[in-house]
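# Observations on the model geometry
Here is how the chains run, residue by residue.
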Amino acid sequence: MRHGVAPLEPGRSYEAILCTWERVAPSGATALRDRIEALCAAGVNVGVFATAPAEVVDGTLQARPDGPGTLHLLTDRGTRISSCARTGTTLVRVVQADPSMAASARWLAALLRERGIGPGLVLLIGGDLASLVDGDMSAPVAVPELRRATVVDCGTATASSSGPSDGAVLLRVADEQLRRRSDRRVPDIDADPRWVIELPAPTHPADVGVHATLLTLADGHFGSRGCIEHGAADAACAVVASGVYTDVDDRRTLLSAPVWAALDDVGTSAVGHRLDLRTGVVEGASDDGFRSLRFASCVRPGVMAVRAEAPGGITAGDVLRPCGRAGDDCVTVARSTRGGGVVAAARQHPAGTPATRVERLAGYAAHPRQVPDAGEARDALARAVRDGFDRLLAEQRMEWATRWADAAVTIHGDDGAQLAARFALFHLLSTVADSGEAAVGARGLSGLAYDGHVFWDADVFVLPVLAATRPRAARAMLEYRLARLDAARRRAASHGFAGTMWPWESADDGADVTPEVWRDHGGRPVPIRTGAAEHHIVADVAWAAHHFAQWTGDVAFLAGVGRPLVLDGARFWASRVDVDAAGQAHIRGVIGPDEYHEMVDDNAFTNVMARWNLRAAADLADGGDAAPSDEIASWRRMADALVDGYDTRTGRHEQFAGFYGLTPLIIADIARPPVAADLLLGRDVVRASQVVKQADVVMLHHLVPDHVAPGSLHADLEYYAPRTAHGSSLSPAIHAAVWARAGRPDRALDLLRVALRLDLDDVTGTTGGGLHVATFGSVWQALAFGFLGLRPLGDALQVDPVLPATWDALELTVRFRGGRVVVHASHHGLRLTCERPLTVQLGTAGERVTVHPPGRDLAAPARSGEAKA
Ligand code: IFM
């Protein structure tokens, strides 16, 4: 058996089938036409290569498929590509003559990629096609995008040397594929190790919750934790709806919606899972033949689907937990104390179990302030049932292909980091809706930790990645804040301040929902002061709006509906500062990002962000009627008067007034970060020590590098890094980004790895409560802003790559100012691909060049770090 040519695996599903006309034609046009049309109707994509002219092949075959699968004829020795549809055959492309047909095969592979079909789901019938995927992938005849496709030729399809022709194999395969679909068999995934997260069956009870979190599937509106076969408690299987909260005792928390996907008994508990990041599906499998596949449709938010099969039979249990019956469907409502609710409808085939195969579809509808009509969920379910599992799955693959096309991340030379970065991005792209308003809680839609509350995590950590990959989702996050402007204004007024006072923790109505106490390990109540004092969130929200406009170029947003997010922030700060007798302005009694030190004065982060906010508002308001000129002038005066802790003698910022007087403490002398230093040492010790929970001064160098003292980057990093415990998951990747900017990419990579593995390895023991979505956002920011040095500078994009010695290259796809840009940085040069003219600034103070589509190579190699010993 040659490389790339495998015997046909029985019982496997394929989403694309390619063959050669001259080798299948003897089986008869009628039989081929029937099968090909049926395959296309079942969603399979067919490609027929031919030496013969299109007219001959099409005239003989006369296939007129109706979709959703496609039929392409790659005729005239592979030079002409035609698409066949019910209405006729259309020439779609003419490609270079190539005896191997590689050029047309490459075109077809690109089409399949756009449909989310990886090579593992492609079957090539005929040994003559083997050269496309066989041998040296750099050879001109090779099609690397099809590597790993299955090739079957007659010699391997049967033990008999006088085996069937390619045509007979095609007919047999077609029948088998059609039967698999009508029998509702579980489809396969393309098990590409670059895209698949493998989780073996949990061996420890705690792993069940962690895996359920990691396997969460979300569509931006609903999130469904991944626990279908573990027989886990409902809490571990929770389904939540974005923005739908309820009150439980004195807490406001995300409402637990009816659970749709649990299967009571699948004959084994040893089910391992694979999360296919490329297509947004989870596959389950056990050694004794159990298999399942499930997804949350990103095309039809609220629609979920699962198929499962087990030779020994499945006892499915309640189709919905709890289940109320309505005809063939289960229909259930979860009501919130806030007037809202979630309604779910689900149907299973077969209705009763045990059965060897089960298919279940569900439709959800939710509203934060009214209980949706059951008809909404039933209609969504009815449409899903009408279109069927296979079509839903094909749509899902295609949608994810579109998402990844704007958000690709490739790390050449570090497969592990690449997979973990894709895992982070996958969940970010799943979590946030791209319409309406998006309430992005600290754990997204993957768990109930932090009760689904919205922190600065959303504005500062998550929003930037979406501004650069799914701008409409970033905009939906800003809509969430805009809809709560009045609540933030009322809150400011009730505290005696002007402008907006954003709550530290926010839920549905914009009130502050930060809990007032938590219980320590001994059950003792500990007051929580962040709600009262973590005021920097006011500037963080303004920063998010500003950043969105800078990246997307949507300046109309900032000049229009988004303007109060910046201006009312400035009004808050103007009323919040104290001016002393010497004319210096102070912000007293706050908590900065370093929550180990409470009620401090002049936290550098808070003051510099406030100063930035005041100046940004003044710039924005100047020249318009948004604020009177004396108010604008007062913002500028106030900004100039604000102290920031910078000391010219040390060249660095003091984290807050008095920090240098605390007991010196180098955290690595005590424990290896990341470590919860407050739990390890006790709250009183950390309060009295120079130990920092998370990026605080360092965070300034990340968010507003032009608004800190010039030249302070290295001094601040060298001083604060050894004092930082990374007791918050928000910290390591931000440090990575800043180390990269400081020209220390290897140091940066060490910290990036902590963030990359945080949930995958449950580093902090908290992943069971949900994914750390802010950590995911910080990972992308470290890659984009840290390693690639991307930064909007007006209409220009700064690119200033610095790469770890162990990486060959880093490539990110982003959307910048309405166009797609691919930045490929290696130690040898920089390649930029764009779809519209792009002004690029090379380096922080380098030359500006205009790059025209499709792009160009620039002699601008990434700066490298020193190799680690
Ligand atoms: O917002 C963070 C904060 O910075 C540190 N504690 C956890 C919060 C939610 O993730």
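Just so it is clear, the model here is predicted, and its values are computed rather than measured.

Calculation criteria
Residues numbered from 1 in each chain as written. Predicted model: local features only at pLDDT ≥ 70, side-chain atom pairs only at ≥ 80, totals over all residues. Heavy atoms only, no water. Pairing = 2+ DSSP bridges. Helix = DSSP H or I, 4+ residues; strand = E, 2+ residues; numbered from the N terminus. Axes fitted to C-alpha atoms, helices over the stretch in contact; angles between N-to-C directions. Expected span 1.5 Å × (residues − 1). Buried < 20%, exposed > 50% of the residue type's maximum accessible area, 1.4 Å probe, protein only. Near = heavy atom within 4 Å. Polar contact = N/O pair within 3.5 Å; in protein donor to acceptor, adjacent residues only side chain to side chain. Areas by Shrake-Rupley, 256 points an atom, 1.4 Å probe, with all protein chains shown as cover. Nonpolar A, V, L, I, M, F, W, Y, C, P; charged D, E, K, R; others polar. Contact = heavy atoms within 4.5 Å. pLDDT = per-residue confidence, 0-100. Parallel < 35°, antiparallel > 145°, perpendicular 65-115°, else oblique. Left-handed = near helix turned anticlockwise from the far one by under 90°. Disulfide = S-S within 2.5 Å. Core = buried A, V, L, I, M, F, W, Y, C linked by side-chain atoms within 4.5 Å.

This next bit is on the sheet that holds strand 35 (residues 838-842). Strand order across the open sheet formed by 4 strands is 29-30-35-36, with mixed pairing between neighbours. Strands at the two margins of the open sheet, each flanked by one partner only, are strand 29 (791-793) and strand 36 (848-851). Direction aside, the axes of adjacent strands within the sheet are offset by 35° on average. Sheet topology note: the strand 30 (residues 796-799)/strand 35 ladder contains 3 bridges and is parallel. Across the sheet, residue Leu797 finds its bridge partner in strand 35, namely Val840.

Given a rise of 1.5 Å per residue, 14 residues ought to cover 20 Å, and the 20 Å separating the end C-alpha atoms of helix 16 (residues 563-576) matches this to within 8%. Of all 14 residues in helix 16, 10 are buried; the element is thus mostly enclosed. Those residues of helix 16 not exposed but buried are Leu565, Val566, Leu567, Asp568, Gly569, Ala570, Arg571, Phe572, Trp573 and Arg576.

On to the site of the ligand, then. Contacts to the ligand come from Ala442, Tyr450, Phe455, Trp456, Asp457, Trp504, Glu595, Lys693, Gln694, Ser728 and Leu730. Between Trp456 and the ligand, the recorded distance is 2.9 Å, taken from a side-chain N or O atom to an oxygen atom. Between the ligand and Gln694, the relevant distance is 3.1 Å, taken from an oxygen atom to a side-chain nitrogen or oxygen of the residue. A total of 280 Å² of accessible area belongs to the ligand in isolation, and the protein chains cover 91% of it. Residues belonging to the shell around the ligand are distributed by class as follows: 6 nonpolar, 2 polar and 3 charged.

With 13 residues, helix 18 (residues 629-641) ought to run about 18 Å at 1.5 Å a step, and its terminal C-alpha atoms sit 18 Å apart, in line with that. Those residues of helix 18 that sit buried are Glu631, Ile632, Ser634, Trp635, Met638, Ala639 and Ala641. Buried-residue contacts for helix 18 involve helix 16, strand 25 (578-579), strand 26 (585-586) and helix 17 (604-621).

All right, on to the confidence of the model for the protein then. Per-residue pLDDT for the protein has a mean of 93; in total, 96% of the residues score no lower than 70. Counting contacts from residues 1-6, a segment whose pLDDT is below 50, to residues more than four positions away or on other chains yields 19 contacts. Taken as a whole, residues 156-161 scores under 50 in pLDDT and shows 7 contacts with residues more than four places along the chain or in a different chain.

Helix-helix packing: each pair is described by the crossing angle between the helix axes and the interaxial distance. Interhelical geometry of helix 9 (residues 415-431) versus helix 25 (residues 773-787) gives an angle of 120° and a closest axis separation of 9 Å. One finds that helix 9 runs oblique with respect to helix 25. The handedness of the crossing between helix 9 and helix 25 comes out as left-handed. Contacts between helix 9 and helix 25 pair Ala421, Phe423, Ala424, Leu425, His427, Leu428 and Thr431 from the former with Val773, Phe776, Gly777, Val779, Trp780 and Leu783 from the latter. Taken together, the residues that form the contact of helix 9 with helix 25 break down as 10 nonpolar, 3 polar and no charged.

Turning our attention to the packing of helix 24 (residues 745-757) against helix 25. The geometry of helix 24 relative to helix 25 is characterised by a closest axis approach of 9 Å and an angle of 160° between their N-to-C directions. Overall, the two elements helix 24 and helix 25 adopt an arrangement that is roughly antiparallel. As for how helix 24 packs across helix 25, the hand of that crossing is left-handed. Here Pro745, Ala748, Leu749, Leu752, Ala755 and Leu756 of helix 24 lie close against helix 25, whose contacting residues are Thr775, Val779, Ala782, Leu783 and Phe787. The residue makeup of the contact of helix 24 with helix 25, split by class, is 10 nonpolar, 1 polar and no charged.

Moving on, we come to the environment of Gly829. Inspection of the secondary structure assignment puts Gly829 in the loop between strand 33 (819-826) and strand 34 (830-834). Once residues lying within four places of it in the same chain are set aside, the contact partners of Gly829 are His824, Leu858, Ala860 and Pro861.

Turning our eyes to something else, we now look at the sheet that holds strand 8 (residues 196-199). Taken in spatial order, the 9 strands line up as 8-14-15-16-17-21-20-19-18 in an open sheet, and their pairing is antiparallel. Taken across any chain shown, the strands that pair with only one partner, and hence form the sheet edges, are strand 8 and strand 18 (325-326). Of the strands in this sheet, strand 15 (281-285), strand 16 (291-296), strand 17 (303-314), strand 18, strand 19 (329-335), strand 20 (341-349) and strand 21 (355-367) are in contact with helix 8 (residues 374-405), which crosses strand 21 at around 130°.

Inspection of every chain in the model, using the stated rule, returns 2 disulfides. Put simply, Cys323 and Cys330 are joined by a disulfide, and their sulfur atoms are 1.8 Å apart. Between Cys323 and Cys330, the S-S dihedral sits near -90°, and the bridge is therefore left-handed. Take Cys323: its relative accessible area is 29%, and that puts it in the partly exposed class. The connectivity of the disulfide bonds within the protein can be written as 1-2, 3-4, using the sequence rank of each bonded cysteine. Cys84 provides the cysteine sulfur closest to Cys40, a residue in no disulfide bond, and the two sulfurs are 8.6 Å apart.

Bringing the nonpolar core into the picture now. Tyr364, Trp456, Trp635, Leu752 and Leu783 are the most contacted members of the largest nonpolar core, which has 195 residues in total. Residues Cys19, Cys40, Val46 and Ala174 belong to the second largest nonpolar core, which totals 28 residues.

Structurally, the position occupied by Gly444 is in the loop between helix 9 and helix 10 (456-467). Once the C-alpha coordinates of Gly444 and Val432 are considered, the two residues, 12 residues apart in sequence, prove to be 7.9 Å apart. If near-sequence neighbours (up to four positions away) are discounted, Gly444 is found in contact with Leu254, Thr431 and Val773.

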